[in-house]
Amino acid sequence: DVKVTQSSRYLVKRTGEKVFLECVQDMDHENMFWYRQDPGLGLRLIYFSYDVKMKEKGDIPEGYSVSREKKERFSLILESASTNQTSMYLCASTPQGTSTDTQYFGPGTRLTVL
Amino acid sequence: AQRVTQPEKLLSVFKGAPVELKCNYSYSGSPELFWYVQYSRQRLQLLLRHISRESIKGFTADLNKGETSFHLKKPFAQEEDSAMYYCALAIYNTDKLIFGTGTRLQVFP
């Protein structure tokens, strides 16, 4: 059974802080994704990684960066958190070359920026 | 442009009533479509995919290329179907999905 875990379920930070969101998957998947989930806007892709040290911008990368030093771990970084980054953040993973396969999601991190 | 549209933010029905959650897509290639579901306090998970032509928890979805639609249907809604439903489109050769804005289904007893 695929497991995708995220480091925190809830996180509260202050404006201007540097924030790290961690995601780990245990199924040796090549692809990992970071989305943000907002009411009325659905899921929007922030960044995508298809291999270690490889990354690709999604639809809303501004204000975010990512790191993939190991295959199982994909980190989302908010260099200077702002209130408009208050959201639910979802991580997902999937094997490479399987666009018709399911994406496996983590439980989400609800980030509040004050 | 590649796009997935779910026109209803909220759909409320009574138990036993038929349900149809609408999904329309815009895509120049051959579409691969999915429905994902998120129950309260649970993670987002795949409900069904059109290539499997399967029925999951009584739900079915048929791809209509002429109308560019992939509506999710269930003949008799149950209270446990209450959840957030997202339609998603796979982008060929990228392993990426485009999600719609989601429809919250509320099934009243």
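Remember, predicted model here, so these are calculated numbers, not experimental data.

Cut-offs applied
Residues numbered from 1 in each chain as written. Chains lettered and ligands numbered in written order. Predicted model: local features only at pLDDT ≥ 70, side-chain atom pairs only at ≥ 80, totals over all residues. Heavy atoms only, no water. Helix = DSSP H or I, 4+ residues; strand = E, 2+ residues; numbered from the N terminus. Buried < 20%, exposed > 50% of the residue type's maximum accessible area, 1.4 Å probe, protein only. Contact = heavy atoms within 4.5 Å. Areas by Shrake-Rupley, 256 points an atom, 1.4 Å probe, with all protein chains shown as cover. Buried area = accessible area lost by both parts, 1.4 Å probe. Salt bridge = Lys/Arg side-chain N within 4 Å of Asp/Glu carboxyl O. Polar contact = N/O pair within 3.5 Å; in protein donor to acceptor, adjacent residues only side chain to side chain. Nonpolar A, V, L, I, M, F, W, Y, C, P; charged D, E, K, R; others polar. Disulfide = S-S within 2.5 Å. Pairing = 2+ DSSP bridges. Axes fitted to C-alpha atoms, helices over the stretch in contact; angles between N-to-C directions. Phe/Tyr/Trp six-rings, centres within 6.5 Å; stacked < 30°, edge-to-face > 60°.

When helices and strands are counted, chain A shows zero helices and eleven strands. For chain A, the succession of helices and strands along the chain, N to C, is β-β-β-β-β-β-β-β-β-β-β. Expressed as lengths along the three principal axes of its C-alpha atoms, the size of chain A is roughly 40 × 30 × 25 Å. For chain A, buried positions account for 48% of its 114 residues. The contacts of chain A with a sequence gap of at least 6 include a subset with a gap of at least 24, amounting to 56%. Taken as a whole, chain A presents about 5400 Å² of accessible surface, with 49% of it coming from carbon and sulfur.

Our focus in this paragraph is the interface of chain A and chain B. Buried accessible area, meaning the area lost when the parts come together, often serves as the stated size of an interface. Contacts between chain A and chain B engage 26 residues on the former and 20 residues on the latter. In total, chain A and chain B occlude about 1900 Å² of area from one another, counting both sides; carbon and sulfur atoms represent 52% of this. In this assembly, chain A and chain B are joined by one salt bridge. Ionic pairing is found between K96(B) and E56(A), a salt bridge with its closest N-O pair at 3.0 Å. In this assembly, chain A and chain B are joined by seven residue pairs in polar contact (both at pLDDT 80 or more). Only strand 4 (31-38), strand 5 (42-51) and strand 9 (87-94) of chain A provide two or more residues apiece to the side of chain A that touches chain B. Among the residues forming the side of chain A that touches chain B, the class breakdown is eleven nonpolar, 13 polar and two charged.

All names here are of chain B. Throughout the structure, instances matching the rule amount to two disulfides over all chains. A sulfur-sulfur distance of 2.0 Å marks the disulfide that ties C23 to C87. Judged by the sign of its S-S torsion, about -65°, the cystine formed by C23 and C87 is left-handed. Here C23 is found in the loop between strand 3 (19-21) and strand 4 (24-26), whereas its partner C87 is found in strand 9 (residues 83-91), with 64 residues between them in sequence. Look at C87 and you get buried, because its relative accessible area is 0%.

Once that is clear, we can look at the sheet that holds strand 7 (residues 65-70) of chain A. All names here are of chain A. An order of 1-3-8-7 is seen for the four strands of this open sheet, with the pairing classed as antiparallel. Every other strand in the sheet has two partners, leaving strand 1 (4-6) and strand 7 as the edge strands with one partner each. Across this sheet, the average inter-strand angle for adjacent strands is 20°, counted without regard to direction. Where strand 1 meets strand 3 (residues 19-25), three bridges bridge the pair, whose relative direction is antiparallel. In the strand pairing of strand 3, Q6 is matched with C23.

What follows covers the side chain of D81(B). Residues and elements named next belong to chain B. By the secondary structure assignment, D81 is in the loop between strand 8 (72-74) and strand 9. For D81, a relative accessible area of 3% translates into the label buried. Separated by 2.8 Å, the side chain of D81 and the backbone nitrogen of Q78 make a polar contact. Non-local contacts of D81, meaning those with residues more than four positions away in its chain, are made with F59, K74, F76, L105 and V107.

All right, on to the packing of aromatic side chains then. The geometry of an aromatic ring pair is captured by two quantities: the separation of the ring centres and the angle between the planes. This structure, assessed with the given rule, holds 13 aromatic pairs over all chains. With centroids separated by 6.1 Å and ring planes inclined at 20°, the aromatic side chains of F33(A) and Y35(A) adopt a geometry described as stacked. Summarising the burial analysis for this pair, F33(A) and Y35(A) share the class buried. Seen in terms of ring centroids, F48(A) and Y50(A) are 6.0 Å apart; in terms of plane orientation they differ by 50°. Their pairing is tilted. Feature note: the residues F33(A), Y35(A), F48(A), Y50(A), F105(A), F34(B), Y36(B), Y86(B) and F99(B) constitute an aromatic cluster, connected by ring pairs.

Here the focus is the environment of I98(B). Residues and elements named next belong to chain B. Here I98 lies in strand 10 (residues 96-99). Sequence separation of I98 and L72 is 26 residues, and the distance between their C-alpha atoms is 17 Å. Ignoring sequence-local partners within four residues, the contact set of I98 consists of Q2, V4, C87, A88, L89 and I91.

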